[in-house]
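Coordinates in review
Residue-level listing of the chains:
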Amino acid sequence: RPVVLDADGLNALAQLESGHLELRAPVILTPHVGEYQRLAKRMNIAAEPDDQTTAAEALAQAYGCVVVLKSANTVVSDGVTTIEIDTGGVVLATGGSGDVLTGIIAGTLAQFGVGCSKNLVDAAVVGVHIHARAGQLFEAANGNTGMIATDLLCRIPEAISSLKRDSNG
């Protein structure tokens, strides 16, 4: 089964002497810039995080996984296919928001069923779009400050419905 690593999972990975996972599972890593820097240092990756595309691709190639590099924009890469998503915003820069994103990605991945391992990039991209839309919905109603992670949770169903309407219309 696939594994989605965030926060302490990423910190633990960065502390492994070999820098490599000893898992036989497909993996999605969801680092923010600071976590990226620790992982990149462990793997001797020179790509700077301000060049998000190159950084995400290099990390994905080094670990043989999918990377969701979170910053002002979010970049999803498996080292070959790279997609930049710029629909997030400052409203998402709050504690726990990344945890919500990880949960959305894991939930989206599970919906692909038995063959989900073939859809890691798709699940990550869909998860990032849902997360960003939930943030936009909060911002439209409340402005871009004061959001807490649970504010995102209650907007996930509306975000999914909104994205479905957009893709059908």
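Everything that follows concerns the structure shown earlier in this document.
Residues numbered from 1 in each chain as written. Predicted model: local features only at pLDDT ≥ 70, side-chain atom pairs only at ≥ 80, totals over all residues. Heavy atoms only, no water.

Next up on the list: the pattern of salt bridges. Tallied over the full model, the rule gives two salt bridges. Asp6 serves as the salt-bridge partner of Lys70, at 3.2 Å between the closest nitrogen and oxygen. A residue pair is termed long-range when its members are at least 10 positions apart, and Lys70 in strand 3 (residues 66-70) and Asp6 in the loop between strand 1 (3-5) and helix 1 (8-15) qualify at 64 residues. By relative accessible area, Lys70 is classed as buried at 13%. A salt bridge links Arg133 to Asp166; its shortest N-O distance comes to 2.8 Å. (Salt bridge = Lys/Arg side-chain N within 4 Å of Asp/Glu carboxyl O. Helix = DSSP H or I, 4+ residues; strand = E, 2+ residues; numbered from the N terminus. Buried < 20%, exposed > 50% of the residue type's maximum accessible area, 1.4 Å probe, protein only.)

This part covers the sheet that holds strand 4 (residues 74-77). Think of a sheet as strands paired side by side through backbone hydrogen bonds, with each pair either parallel or antiparallel. Ordered by their spatial adjacency, five strands build an open sheet running 1-2-3-4-5, and the pairing between neighbours is mixed. In this open sheet, the two edge strands, each paired with only one partner strand, are strand 1 and strand 5 (82-85). If you compare each strand with its neighbour and ignore which way they point, the axes differ by 15° on average. As paired elements, strand 4 and strand 5 share four bridges and run antiparallel to each other. Its bridge partner lying in strand 5, Thr74 is registered against Ile85. (Pairing = 2+ DSSP bridges. Axes fitted to C-alpha atoms, helices over the stretch in contact; angles between N-to-C directions.)

Once that is clear, we can look at the side chain of Asp6. Taking the relative accessible area as the measure of exposure, Asp6 reaches 12% and is therefore buried. Apart from the residues lying within four places of it in its own chain, the contact partners of Asp6 are Thr30, Glu35, Lys70, Gly98, Asp99 and Thr102. (Contact = heavy atoms within 4.5 Å.)

A few words on the nonpolar core. If you look at the biggest cluster of nonpolar residues, it comprises 22 residues, and the most contacted ones within it are Leu29, Tyr36, Leu39, Ile45, Leu59, Tyr63 and Val67. Here this core gets six residues from one element, more than from any other, and that element is helix 3 (residues 52-63). If we skip the residues at most four places from it in the chain, Leu39 touches Leu10, Leu13, Ala14, Leu29, Pro31, Leu59 and Tyr63. With 15 residues, the next largest nonpolar core counts Val76, Leu120, Val121 and Ala124 among its residues. (Core = buried A, V, L, I, M, F, W, Y, C linked by side-chain atoms within 4.5 Å.)

Right, let's get into helix 3. Turn by turn, an α-helix covers 3.6 residues, leaving residues three or four places apart pointing in a common direction. Its 12 residues place the ends of helix 3 16 Å apart at the C-alpha level, agreeing with the 16 Å of an ideal helix rising 1.5 Å per residue. Of the surrounding elements, those touching the buried residues of helix 3 are helix 1, strand 2 (27-29), helix 2 (33-42), strand 3 and strand 4. Following helix 3 by one or two positions, Gly64 adopts a phi angle in the positive range, close to 65°. (Expected span 1.5 Å × (residues − 1).)

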